[in-house]
Amino acid sequence: MSYLSYLLDASKWGGAGGTGQLLLQHLAYTVVAVLIGAVIAIPLGILIGHTGRGGFLVIGLSNAARAIPSIGLLVLVVLATSTGFGPTVLVLAVLALPAILTATSAGVAGADPDAVYAARALGMTGGQIVSKVEWPLAVPLVISGLRSATLQVVATATVAAFAAGGGLGQLLISGQRSRDYSQMLAGAVLIAGLAILLDLLIGLIGLLASRRVRPAAKTRRSAAPASA
């Protein structure tokens, strides 16, 4: 029996509970969780990085994220609430927060001091310094944080099947129960492929964003000394 038989079997992709549906569900878990994490972590990271206050929060969240057992947290939330899309996404969003928060605060705090000083000399407000100097310079590191968070969520969403069902992890569970190794391989290949695809996509977005924002930031930095 070919180990790729399940993956290449078109009949396994359609219908309720089919591979296609599980793939879309896994993708939805990942995208929504990372978006929620980004909406919370990026503004907070900008605030921490710009003011230099709250660094203990970043360190605490990063350490907590490493210590929290993903499947244990998932099971706890499911037992406390119910199975379904919402509770699973909530847990995944919590796990996505530390990587994005750490990268954003570090990127903003690590902005070129000369550029920040020049912006202040030009009379820019704190908000203008963030939007026109610190944020453009921090974008590459923020994108790196988003990539790390996305890879973590894709992997962790796999164990969501153990607690709440759904996602590509269901292929691994079902395949293990029935000893259908081609089904397990299909799940593993699709999870890895999804992680690689999303990583490349976010990397491309980051590259385009960096090319767009960096020239403006460099122009302001070079013009500032002359104006000062």
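Criteria and cut-off values
Residues numbered from 1 in each chain as written. Predicted model: local features only at pLDDT ≥ 70, side-chain atom pairs only at ≥ 80, totals over all residues. Heavy atoms only, no water. Helix = DSSP H or I, 4+ residues; strand = E, 2+ residues; numbered from the N terminus. Expected span 1.5 Å × (residues − 1). Bend = angle between axes of the 7 residues up to and from the residue. Buried < 20%, exposed > 50% of the residue type's maximum accessible area, 1.4 Å probe, protein only. Arc of directions from axis to C-beta. Polar contact = N/O pair within 3.5 Å; in protein donor to acceptor, adjacent residues only side chain to side chain. pLDDT = per-residue confidence, 0-100. Contact = heavy atoms within 4.5 Å.

Next up on the list: helix H7 (residues 126-158). Between its first and last C-alpha atoms H7 spans 42 Å; for 33 residues at 1.5 Å apiece the expected length is 48 Å, and the helix comes up short by more than 12%. Trp-135 marks the point of greatest bend in H7, at about 50 degrees, and the proline Pro-136 comes within the next four residues.

Every buried residue belonging to helix H6 (residues 113-121) is among Ala-115, Val-116, Ala-118 and Ala-119, and all of these are buried. All buried residues of H6 fall inside an arc of 160 degrees around its axis, so they share one side. Structural note: H6 exposes Pro-113, Asp-114 and Tyr-117 on the side pointing more than 90 degrees away from its buried face. One side-chain oxygen at the N-terminal end of H6 lies 3.0 Å from the backbone nitrogen of Asp-114; it belongs to Asp-112. Positive phi shows up at Gly-123, right after H6, with a value of about 90 degrees.

Turning to the confidence of the model for the chain, a few remarks are in order. In the predicted model, the chain carries a mean pLDDT of 82, and the fraction of residues at 70 or more is 85%. Averaged pLDDT values for the elements of the chain fall to 70 in helix H4 (residues 70-80) and rise to 92 in helix H2 (residues 19-51). Note that pLDDT drops below 50 for residues 223-228; the model gives that stretch four contacts with residues more than four away or on any other chain.

The residue Asp-199 is located in helix H10 (residues 181-227) in this model. In contact with Asp-199, not counting residues within four places along its chain, are Arg-147 and Leu-151.

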